Structures are given as structure tokens and as C-alpha cells.
Amino acid sequence: MPARAEFLFHDLHPDTENLLDDVLSGLAQPRKSLAPKYFYDAVGSALFEAICTLPEYYPTRTELAMMQASAGEMARLLGPRCLLIEYGAGSGRKTRVLIEALMPPAYMAIDISRTALRQCATALAAAYPLMRVAAVCADYTRPLQLPAIDISASRRAIYFPGSTIGNFTRPEALAFLRHAHAIAGPGGAMLVGVDLKKDFARLHAAYNDAQGVTAAFNLNLLTRINRELGGNFDIGAFEHHAFYDADEGRIEMHLRSKRQQQAIVAGHTFHFRAGETIHTENSCKYSVEEFQQVARDAGFTAERCWTDAEHLFSIHLLTNVVQTTKMP
Ligand SMILES: C[S@@+](CC[C@H](N)C(=O)[O-])C[C@H]1O[C@@H](n2cnc3c(N)ncnc32)[C@H](O)[C@@H]1O
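Residues numbered from 1 in each chain as written. Predicted model: local features only at pLDDT ≥ 70, side-chain atom pairs only at ≥ 80, totals over all residues.

### Description of the packing of helix 2 (residues 42–52) against helix 8 (residues 213–229)
Filter applied, for reference: The axes are straight lines fitted to the C-alpha atoms, using for helices just the contacting stretch, and the angles between their N-to-C directions are given from 0 to 180°. Per the convention used, a helix needs a DSSP run of H or I reaching at least four residues, while a strand needs a run of E reaching at least two, with both numbered from the N terminus. Throughout, the term roughly parallel applies to angles under 35 degrees, roughly antiparallel to angles over 145, roughly perpendicular to angles from 65 to 115, and oblique to all others. Throughout, a crossing is termed right-handed when the near helix is turned clockwise from the far one, and left-handed when it is turned anticlockwise from it by less than a right angle. Throughout, a residue-residue contact means that the two C-beta atoms, derived from backbone geometry, are no farther apart than 7 Å. Classification convention: Asp, Glu, Lys, Arg as charged; Ala, Val, Leu, Ile, Met, Phe, Trp, Tyr, Cys, Pro as nonpolar; all other residues, Gly among them, as polar.
Where helix 2 contacts helix 8, the axes come no closer than 9 Å and their chain directions differ by 160°. Between helix 2 and helix 8, the interaxial angle falls into the category roughly antiparallel. Once helix 2 is placed against helix 8, the crossing between them reads as left-handed. Contacts between helix 2 and helix 8 involve Val43, Gly44, Leu47, Phe48, Ala50 and Ile51 from the first element and Val213, Thr214, Ala216, Phe217 and Asn220 from the second. Per-class residue counts for the contact of helix 2 with helix 8 are eight nonpolar, three polar and no charged.

Shown next as C-alpha cells:
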């Protein structure tokens, strides 16, 4: 069979129009907010990759090591000839570990970041020429029709690493898992990376790194609004603010206004008091049992869970068990 280094690229154009509407409505609320999916322009995706290598940011290292230790077992449980579908693929570094073990005939990556998605799909198509690769540039929080892929797969296996599920509030996570359950279909499966609850100091450090990379990632959202929507945010007049809210069980990231000021975006003026914030990201933390309950509420069976020795991170195998009716 000839080597296949190319891939299918489906661009559902998840960008500028939604960005404008969402920014204008988010900044008009009494408690201003912007959706975290807008962090990921080309600069934001590169900054996220830099965050992954920071000494304080334990999730990436931990999850990658867990994948390296357990991908063989994951592949055995998933079985041969899966159609592997990844949500929020990013650089695809952990995906490679899974692909090496699973050797799926086809892989579909979904990501809102066009640059990161192209790089990931190009690299994976070149590295695994016998695997069919499709890249879908889309916003998975909106209704999404996946393109057909011409292979006979035994089951669909959804991969959602990086604790990206933590960016959803708990009701949003349930809705997303219900959607994933439908996409996986009868007999399908899902592997989800979920960050665990832990001591507050460790969590605080992970989102307030000494080098200020997370701060740059957060502030880049305003730079993006200035560039793409003709905004005039004074970037130096805002600062990164991240803290753990124990009642909600989540890290919240905000951009805090250092002084009273105003910013104009697409002709709309927004006023900020000194100390007022824009809420930019949630990063919800779960116990193993809490996450398994959400997965069950979404219709999945919680089949297996892996954790690391320090109990920092979890990876869950969820299955969509085919219901059989017993004959009387
Ligand atoms: C936290 S990063 C995780 C990246 C990678 N999976 C990992 O584990 O390192 C989140 C990824 O999801 C993508 N993403 C975030 N929100 C999205 C959305 N609403 N639709 C599609 N992709 C999204 C980002 O572009 C980014 O690549």
C-alpha cells in the first residue's frame, strides 16, 4: 500500500463571527467573561505548549507518563480497528502514545485552533502513513456533524485528554459527555483525562507559574481581541489573577483591571472599575467518584480508571454498553 502522508482537512470556520458576538455579549454582562476556547489562536496554542513544560504544571507530565505506562492496557481494552476521534487534539503528543499502542486504521482530530490542528495532522499523517487522518477545524461546543470516513471500524473510540473537560462547568461537562455518548454510539468508548482534587498550594502554583507563561497566555486573549476585532485594550493595564475556589472545586482564571479604564471593541465601549475582572477560564477538579458519577449520568459505564502514584491525575475509560433485552 502506498504511503499516505496527506490528510483530509474539513474547515467548519469556527472563528471571527462567533468571536465578535461572544466578546460583545461576554463583556456586556455585569460579571464580565470570555470563553476559554478563544485563547487558542496561533500564539495562544504555542503558549499552551510552553505551559505544558513548566515545572509547576504537573498535569501534562503526569498524564503523559500515565499514557506511556498504560497505553498497552488501554489498547487491549479498546480492541482492534477503532476509529479514534480526538476532541481538542492540540499538539497530539499524548495521542502518539495511544496510536502506537492502538494502531487504529483511522484517526480524526477536532480542534478550534487551525494552526495547531494542521501541525498535529501533518505530523501524525507523516508518522503513521497507513493510518487515515482527518482534521476537523470546529468548535465542539456547538452542534457538530462529523465528516464520514471511509473505513470499516469495529467501534468509535473518543479521546479527550488534557483535562480539557475541566474547562466546562459541571452542567456543561454533563451535556458534553451526553453529546460524546451519542457520537461514540452503541458499543463505542471514550478515554478522558481528568485532573483530580488535591492540595490548594499545588493547584495554585500550577496556574501561577514563576515565569509568567500562564499570565501571558491569559493576557494574549486581549491581544487577540485587539488584533482581530480592532479593540484598543491597554494590555499593561490588566493582570493575570488565578485562584482555587474550594466550594466550586475549580481554579478560576481572570484578567483583572489595574485601574479604572475603558476599552473599545468594534465600536462598543466597555467600562472597568479598578480591580474588576473578566472571568476567562474554569478548570474544574474532580474526585474519581465525582467524575464517574457524571459519566454515568451521561449514559456511560465507568469501565476502568487509572491514577498516578501521587493521585494527581486520572484517566477514565468509559463505554457505551449495548443494551440487550433478555427474552422471557
Ligand atoms: C487544554 S488544551 C489540551 C491540548 C491537548 N489535548 C493536551 O492534552 O495537551 C485544549 C485544546 O482544545 C482545543 N479547544 C479548546 N476549546 C475548544 C472548542 N470549543 N472546540 C474545539 N477545540 C477546542 C484547544 O485549541 C486546545 O488544542
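Following the structure, the description resumes.
### Observations regarding the domain arrangement of the protein
To keep things clear, this is the line we draw: For each domain, the first and last residues come from an automatic or database assignment.
According to the domain assignment, the protein consists of domain 1 (20–52 + 201–284) and domain 2 (61–198 + 287–319). For domain 1 versus domain 2, the distance between C-alpha centres works out to 27 Å. Across the contact, 14 residues belong to domain 1 and 14 residues belong to domain 2. Secondary structure elements with two or more residues in the side of domain 1 that touches domain 2: helix 2, helix 7 (200–206) and strand 11 (277–284). Residue composition of the side of domain 1 that touches domain 2, grouped by class: six nonpolar, four polar and four charged.

### Things to note about the sheet that holds strand 8 (residues 250–257)
Put simply, the rule reads: Here a strand pair is declared whenever DSSP counts at least two bridges between the two strands.
The antiparallel open sheet is built from three strands, whose spatial order is 7-8-11. Where the open sheet ends on each side, the last strands, each with one partner, are strand 7 (238–245) and strand 11. Here the strands of the sheet are splayed against their neighbours by 20° on average, with no regard to which way each runs. Where strand 7 meets strand 8, eight bridges bridge the pair, whose relative direction is antiparallel. Pairing of Asp245 across the sheet is with Arg250, part of strand 8. Packed on one face of the sheet, helix 8 meets strand 7, strand 8 and strand 11 and runs near 120° to strand 7.

### As for the sheet that holds strand 4 (residues 132–137)
With mixed pairing, the eight strands of this open sheet are ordered in space as 1-4-3-2-5-6-13-12. Each edge of the open sheet carries a strand with a single partner, namely strand 1 (8–11) and strand 12 (301–307). On average, adjacent strands in this sheet sit at an angle of 20° to one another, irrespective of strand direction. Note that strand 2 (residues 82–87) and strand 5 (residues 155–160) share five bridges and pair parallel. By the bridge assignment, Ile85 is partnered in strand 5 with Ile158. Against the sheet, helix 3 (residues 58–78) engages strand 2, strand 5, strand 6 (189–195), strand 12 and strand 13 (313–319), with an angle of about 30° to strand 13. Helix-sheet contacts for helix 4 (residues 93–102) involve strand 2, strand 3 (106–111) and strand 5, and the interaxial angle to strand 2 is about 175°.

### Details of the site of the ligand
Note the threshold: The rule is simple: place the C-beta atom from the backbone, and if it lies within 6 Å of a molecule or strand, the residue is near it.
Close to the ligand lie 21 residues, the nearest being Tyr40, Gly88, Gly90, Ile112 and Gly162. Going through the elements one at a time, helix 2 and strand 3 are the ones with two or more residues in the shell around the ligand. Here the shell around the ligand takes three residues from helix 2, the largest share from any one element. By residue class, the composition of the shell around the ligand is nine nonpolar, eight polar and four charged. Of the domains in this structure, domain 1 (20–52 + 201–284) and domain 2 (61–198 + 287–319) are the two that each give at least three residues to the shell around the ligand.

### Structural notes on unusual backbone geometry
To be explicit about the condition: Exposure is read from a count of other C-beta atoms within 10 Å of each residue's own; the residue is exposed at 12 or fewer, buried at 20 or more and partly exposed in between. C-beta atoms are placed from the backbone.
One non-glycine residue, His13, lies in positive phi territory at about 45°. Inspection of the secondary structure assignment puts His13 in the loop between strand 1 and helix 1 (16–28). A count of 11 C-beta atoms within 10 Å places His13 in the exposed class. Even without a glycine there, the phi angle at His311 is positive, about 60°. Here His311 is to be found in the loop between strand 12 and strand 13. His311 gets classed as exposed once you count the C-beta atoms within 10 Å, which come to 12.

### Notes on the environment of Asn18
Topologically, Asn18 is positioned in helix 1. Along the backbone, Asn18 and Asp139 are 121 residues apart, and their C-alpha atoms lie at a distance of 10.0 Å.

### Observations regarding the environment of Arg132
You can see Arg132 is positioned in strand 4. In this structure, the C-alpha to C-alpha distance between Arg132 and Glu6, residues 126 residues apart in sequence, is 8.7 Å. For Arg132, the contacting residues outside a window of four places in its chain are Pro105, Ala106, Ile149 and Ile151.

### What to know about the pairing of strand 13
Regular strands place side chains that alternate from one sheet face to the opposite one. Most of strand 13 sits inside the fold, with seven of its seven residues counted as buried. Of the two faces of strand 13, both are covered, the one formed by Phe313, Ile315, Leu317 and Thr319 as well as the one formed by Ser314, His316 and Leu318. Here strand 6 pairs with strand 13 via seven bridges, running antiparallel. Note on strand 13: the bridge partner recorded for Met190 is Leu318.

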